[in-house]
Amino acid sequence: MISDETITKAIALIQKGPTNAEYFFEKLSSPAWIEPLRRKNLFAPYPAERRGDMISFPFWSPGKYLVRMAANAEARGAVASILKVLPTSDNPRVYEDVADAALALPPSLGAQLTTTLLAGLSGKFQLLLPGKAAKVIVKLADAGFASQAITLARALFALTPSTPVPPDDDGTSSLVRGEAKGRFDSYEYGELLDVCVPGLAASDALGTVALLCDLLEVAVESGSLSQADGAEDYSYIWQPLIRVAEDRRNSIRNDLVVGLRDAGETIGNHAPDRLPAVLAEIAGRPTNVFRRIVLHLLSLFGERLLPEVQRWLEDSAVRDDHGLRPEYNILLARFFGDLPGIVQQHYLEWVNAGPDVDEYVAWRQRLDGTTPDEVDKAGYVGVWKRDRLGIVRMFLGTGSHATTLERLEAEYGAAPEPGPLSRGAMTWVGERSPLTQEEADQLPWPALLGYLRTWKPSDDPEGPSEAGLANAVRQKAVSDAGGAIVALAQAEELHAAYAVALVEGIAGARRDGAVIDWAGLLDSLYEITSEAQTADGLGGNDRQLVGVRRSAISLVEDALSQTPDVIPFENRALVWKLIVRVTDDPDPTPQHEDRHGGNPLDALTLSLNTVRGKAFHAVAKYALWVRRNIAVLSGDTTTFDSMPEVRAVLESHLDASNDPSLAVRATYGQWFPWWVLLDEEWAKSHRDLIFPDAQLLQEYWHAAWEAYIVYCSPYSTILPILHPTYAKAIAELAAPSASAPKPFESPTEHLAQHLMAYYWRGELGLEEGGLVRQFFARAAEDHRRKALKSIGWSLHRAESAPGEEVTARLQALWNWRMQVDIRAELGAFGSWFGSGRLDLPWSLWTLETVLSKSILPTPGHQVVQRLAAIAPQYPAATIRCLAWMVELASHDWSIHGWIDEARVILRAGLNSDDDDTKARSEQLIQKLVAMRYRDFRTLLVEADSAGREGRADAG
């Protein structure tokens, strides 16, 4: 029992100021104070503090005490009774404490705090509350308090619909879509769904599904282009496949689709008897994304629900709905063999009957005023049948339908696998197309090519454009690479944008695993890159030919990079024929390089975005491709004697009078280690042409050198060859250009890293006149510091401590720099010490030496983490180092990053047998407390308590 006098004194102390209140509640450990404090209304929440336009949220000290008491069996009821009637507050930290208390209380009492947490979740500011509330939801759900858990989840994940976007002047909907907003960051929204959905679904299947459906309805409606779309929500564009979270974390809408899908899968796996009711709940929602989720879940769990599978597959409205096709096709491919024979027969009869050709003709007439001829109509019917027979290919046996599919694929290319309507679908729409994606997909390629040749955009800047139509072509090509390759061979007189779209679509399909007819594709690429195409076709000008050539060489370059190889080696001549043509493309011109130049690193960037530059990247990849294949075929190593075509092109363009491009020269530098790999003697003999020393060719030296040093690793085989080149680079450090802009990737920083790597391996030493000493003599202070810091990074990445020889070299380097005594360099020791990879006595002595010079080693948190790890072994030294760290870091916020580690070091100091170390530890704690790090006082309380217990045991 606490006397009234004690209570009166405590309240008087608390009312003197917030520091006293904070100290009082921090030290309070007895539940006996709960009732007296409640009677005095001392559990009232602290409000937010406003000063002009600024707002801050003070920590609620009484709440911290209640959280501690929530873990006390005697006090739990009282804590719950206080918090469940807590007055509302605009301070989110109050509700964070309520959530922490709910987590500490038994679920039956934690559930009583639901109303209080709902008040917090409705507040304007959230801070850490969403994450804590999610943990409460999981705890309540796991304990069987599903109603309270779902109530909290509904508040936590509540959405505010976007403001409707008014239609354009012509009555059509705007292409700018709104997005529903949550109470907190959209990325965290998806993260917390991951946390909550499994437990909620296991606790209350229908309630969880209903909640997610409600939220998804709001999100879909906010993202709709027009209310007139009805059930069509275009989810096949923004969520191409339900089973793949392609756009996860890009949108709350996608996160909810994945959350609802995962809830359904959890229920199907753990409570299959509830699945029919769950499917009915989802299917009753208004738009297609819900029906797609139902079809997806049936494809996973349909064995138990075959009548339901049959009902969906027999429904002609579902079968014919373009927006449902991805999941419908997957479900059909999965269960066609389980359908009754009569149902299978009806499907095959429907395919055999073919599409409504009259409807197709009418659509074409509405579309472009043309009437398809018999060939065009036959192509439309053939592709339509091919695609639908392809879905059920494995069930066709060897009968007439299998024969029909084989014939159609021979004529129109392989049928696409069941999956997204367009694997290259884009979620952002920036240009309008005169064709919807569905309309473009329905047109046979010959008909689409005819449309592309005749359609012209209007003068309306807001109307459909070539770029919009090209996007539709690109997506169709991604979904049907075989047809696109055939179409590319007939691409004469096309606008360049459409030819580029075809090539890019085929490239996308290849990356997605589509089977490619490489001989046919390479022939077509060679034809469309011909200069003759600029006369009448491909847009009629050289700049548009540049786009076509760039897309063509990009496709081939990307394919040559793949291992295992995707281009069969028998196509070597076709590949080279295309590459060598493009190595003579005029792009980039000298004028183009002058406009887009800058520092020499821009030359390499330019090489990645110009035709001739990309062609030389392709030359390198072609040479490596040839080398791989010759090694497989004959087991021999290769030189340029095995590929004289590569040698001839490289030597031709090394002549600056023949090819003045800095972008091209940069590719020679970037690929230099691979020229050495391919033909070391050639690389040695051409080193001075690639990295010329002549004053008139300095731009070429910089272009090649800076591409090499930034993008290549320090290979041991390269140093002997490029030793003079490294020396030249170091010599140039003495006279930096004051006007030169600092590039994002600093060549000097990479030079430092190369030199330190070579030094680590023993390939460079500290001899007078050597590269390392030259670098430290000439480099700027910042680059010298970064050189030493790169050693620390290497130590951190090392799987184990370096051997004795490496350790000796590293210590010699540091001792040398210690003698020079340059503050900026010595601060880099933080990364060395923090790695924990070097001799401990030497490291600790060196750290104390650096600190004694009033130099704060960085990164500070790594230093203190290491000190904490060795504090029990070296309490005196670590306390001395920590005292220096606190002194040197007190002017900024560095201490905040290592408070926990500092506590470990101080505890070790207080437990030391050395009186001086104990005294130093106590002094440092008092200093930290004076700096408002009051939590450190608990260390003194712990030490005092331990001391009393020790004295009692001794007595």
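1. Observations regarding helix 51 (residues 915-930)
Between its first and last C-alpha atoms helix 51 spans 23 Å; for 16 residues at 1.5 Å apiece the expected length is 22 Å, and the two agree. Restricting attention to buried positions, one finds in helix 51 the residues T917, S921, L924, I925, L928 and V929. Seen end-on, helix 51 carries its buried residues on one side only, within an arc spanning 140°. Residues of helix 51 that are exposed and point more than 90 degrees away from the buried face comprise D915, Q923 and A930. Of the residues flanking the end of helix 51, it is R932, one or two places downstream, whose phi is positive at about 80°.

2. Here's the deal with the packing of aromatic side chains
Counted according to the given criterion, the structure contains 32 aromatic pairs. On the basis of an interplanar angle of 80° and a centroid distance of 5.4 Å, the ring pair of F24 and W33 is categorised as edge-to-face. Relative to W350, the ring of Y347 has its centre 5.6 Å away and its plane inclined at 50°; by these criteria the two rings are tilted. Residue Y347 and its partner W350 are located together in helix 20 (residues 341-353), separated by three residues, close to a single helical turn. An identical accessibility class is assigned to Y347 and W350; each is buried. Every member of this aromatic cluster is reached through a ring pair, and the members are F672, F691, W701, W705, Y708, Y726 and Y758. Above the ring of F335, the side-chain terminus of R334 is found at 4.3 Å from the ring centroid. Across from the ring centre of Y526, 3.6 Å away, lies the NZ or CZ of R581, which sits over that ring.

3. Quick look at the nonpolar core
With 286 residues, the main nonpolar core has W675, Y726 and W832 as its most contacted residues. Looking at this core, the element that brings in the most residues is helix 34 (residues 611-634), giving 12 residues. By size, the runner-up hydrophobic cluster in this structure holds five residues, among which are A603, L604, A703 and A707.

4. Digging into the packing of helix 48 (residues 860-870) against helix 50 (residues 899-910)
Where helix 48 meets helix 50, the axes come as close as 8 Å, and the angle between the chain directions of the two elements is 30°. Looking at the two axes, helix 48 sits roughly parallel to helix 50. For the pair helix 48 and helix 50, the sense of crossing is left-handed. Only E901, A902, V904 and I905 of helix 50 make contact with helix 48, whose side of the interface consists of V864, Q865, L867 and A868. Considering only residue class, the contact of helix 48 with helix 50 consists of six nonpolar, one polar and one charged.

5. Some remarks on the confidence of the model for the chain
When pLDDT is averaged along the chain, the result is 85; 90% of the residues meet or exceed 70. The low-confidence segment residues 165-177 (pLDDT under 50) makes 22 contacts with residues lying over four places distant or belonging to another chain. Taken as a whole, residues 735-744 scores under 50 in pLDDT and shows three contacts with residues more than four places along the chain or in a different chain.

6. Things to note about the pattern of salt bridges
When the charged atoms of two side chains with opposite charge come close together, those side chains can pair. A full pass over the atoms with the stated rule returns 48 salt bridges. Among the ionic pairs, D659 bridges to R612, the shortest N-O distance being 3.0 Å. In this pair, D659 sits in the loop between helix 35 (644-653) and helix 36 (662-670) while R612 sits in helix 34, placing the two residues 47 residues apart along the sequence. Among the charged side chains, a salt-bridge network with shared partners connects R154, D214, E217, E281 and R285.

7. Notes on helix 38 (residues 680-690)
Among the residues of helix 38, W682, A683, H686, R687 and I690 are the ones counted as buried. The buried residues of helix 38 all sit within an arc of 155° when viewed along its axis, so they share a single face. Along helix 38, exposed side chains directed more than 90 degrees from the buried face belong to E681 and S685. Where helix 38 is buried, its residues contact helix 35, helix 36, helix 37 (672-678), helix 39 (698-711) and helix 40 (719-731).

8. Considering unusual backbone geometry
D587 connects to P588 through a cis peptide bond whose omega is 15°. Its place among the elements puts P588 in the loop between helix 31 (572-582) and helix 32 (590-596). Backbone torsion omega between T858 and P859 reads -5°, so that peptide bond is classified as cis. Examined against the element boundaries, P859 turns out to sit in the loop between helix 47 (840-852) and helix 48. With a phi close to 50°, L127 is a non-glycine residue in the positive phi region. In this structure L127 comes out as partly exposed when scored by relative accessible area, which is 41%. In the Ramachandran plot, S854 falls in the positive-phi region, its phi being about 60° despite a non-glycine side chain. Assignment of secondary structure puts S854 in the loop between helix 47 and helix 48.

Rules of the game
Residues numbered from 1 in each chain as written. Predicted model: local features only at pLDDT ≥ 70, side-chain atom pairs only at ≥ 80, totals over all residues. Heavy atoms only, no water. Helix = DSSP H or I, 4+ residues; strand = E, 2+ residues; numbered from the N terminus. Expected span 1.5 Å × (residues − 1). Buried < 20%, exposed > 50% of the residue type's maximum accessible area, 1.4 Å probe, protein only. Arc of directions from axis to C-beta. Phe/Tyr/Trp six-rings, centres within 6.5 Å; stacked < 30°, edge-to-face > 60°. Lys NZ or Arg CZ within 6 Å of the ring centre and 35° of its normal. Core = buried A, V, L, I, M, F, W, Y, C linked by side-chain atoms within 4.5 Å. Axes fitted to C-alpha atoms, helices over the stretch in contact; angles between N-to-C directions. Parallel < 35°, antiparallel > 145°, perpendicular 65-115°, else oblique. Left-handed = near helix turned anticlockwise from the far one by under 90°. Contact = heavy atoms within 4.5 Å. Nonpolar A, V, L, I, M, F, W, Y, C, P; charged D, E, K, R; others polar. pLDDT = per-residue confidence, 0-100. Salt bridge = Lys/Arg side-chain N within 4 Å of Asp/Glu carboxyl O.

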